[in-house]
Amino acid sequence: MSVALYDSVTARRLLLAQFAIVIILSVVFCLSSQKWAISAFLGGLSGCLPNAVFLLLTWRHQDSEQAQGKLAWSFFIGEIVKIILTIALLVIALVVFKAEFLPLCVTYLAVLIVQVVAPAIINIFRN
């Protein structure tokens, strides 16, 4: 589920929670080695950065006077950009930076789990 489906406050909190998980896991993997910490950071960045870009693309096109078709297209284009950016960042991390696979995948999957679980937790504490 994409971050732009939430209101702006929830989406910002979700992005902050994702980035916090990236930092925490990078510090944890730093105990093993510096390369694992960098790999974990790159994996988390591959999950957080596309969400932030998607958020910017869709909020830029949201307007109360905008036709529903244009809003749907902005979500569609945002998702396409998000998928391409995610793949590109993961490939760059693995090929260019020679990142370790395990910390990269663990942190990337943790960011995805936070994206699914955090909105429910945020909504519980909001009420």
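Residues numbered from 1 in each chain as written. Predicted model: local features only at pLDDT ≥ 70, side-chain atom pairs only at ≥ 80, totals over all residues. Heavy atoms only, no water.

J.: Just give me the short version of the packing of aromatic side chains, but keep the residues and values in it.
T.: Under the criterion given, the structure shown has two aromatic pairs. An angle of 55 degrees between the planes, with centres 5.8 Å apart, marks the rings of Phe-29 and Trp-36 as tilted. Among the residues examined, Phe-29 registers a relative accessible area of 12% and is labelled buried. Residue class for Trp-36 comes out partly exposed when judged on its relative accessible area of 25%. We note Lys-82 situated over the ring of Phe-54; from NZ or CZ to the ring centre the distance is 5.4 Å. (Phe/Tyr/Trp six-rings, centres within 6.5 Å; stacked < 30°, edge-to-face > 60°. Buried < 20%, exposed > 50% of the residue type's maximum accessible area, 1.4 Å probe, protein only. Lys NZ or Arg CZ within 6 Å of the ring centre and 35° of its normal.)

J.: Help me get a handle on the packing of helix α1 (residues 8-30) against helix α4 (residues 101-126), residues and values and all.
T.: Interhelical geometry of α1 versus α4 gives an angle of 140 degrees and a closest axis separation of 8 Å. Taken as axis vectors, α1 and α4 run oblique relative to one another. Classified by chirality, the crossing of α4 by α1 is right-handed. Of the residues in α4, those touching α1 at Thr-10, Arg-13, Leu-14, Ala-17, Gln-18, Ile-21, Val-22, Leu-25 and Phe-29 are Pro-103, Val-106, Thr-107, Ala-110, Val-111, Val-114, Gln-115, Ala-118, Pro-119, Ile-122, Asn-123 and Arg-126. Partitioned by chemical class, the residues of the contact of α1 with α4 number 14 nonpolar, five polar and two charged. (Axes fitted to C-alpha atoms, helices over the stretch in contact; angles between N-to-C directions. Helix = DSSP H or I, 4+ residues; strand = E, 2+ residues; numbered from the N terminus. Parallel < 35°, antiparallel > 145°, perpendicular 65-115°, else oblique. Left-handed = near helix turned anticlockwise from the far one by under 90°. Contact = heavy atoms within 4.5 Å. Nonpolar A, V, L, I, M, F, W, Y, C, P; charged D, E, K, R; others polar.)

J.: Please give an account of the UniProt feature "transmembrane region" (unreviewed entry) in the chain that cites residues and values.
T.: The UniProt record marks residues 40-59, 71-95 and 101-125 with the feature "transmembrane region" (unreviewed entry), using the residue numbering of this structure. What you have in residues 40-59 is 100% helix and 0% strand, and the ends, taken at the C-alpha atoms, are 29 Å apart. Taken end to end, residues 101-125 is 100% helix and 0% strand, and its first and last C-alpha atoms sit 35 Å apart. (UniProt positions renumbered as here; feature names shortened; annotations may be inferred.)

J.: So what's going on with the nonpolar core? Which residues, and what values?
T.: Core analysis: the largest hydrophobic core is formed by six residues, namely Leu-42, Leu-90, Ala-93, Ala-99, Leu-104 and Tyr-108. When neighbours within four sequence positions are excluded, Leu-90 is seen to be in contact with Ser-46, Leu-104 and Tyr-108. (Core = buried A, V, L, I, M, F, W, Y, C linked by side-chain atoms within 4.5 Å.)

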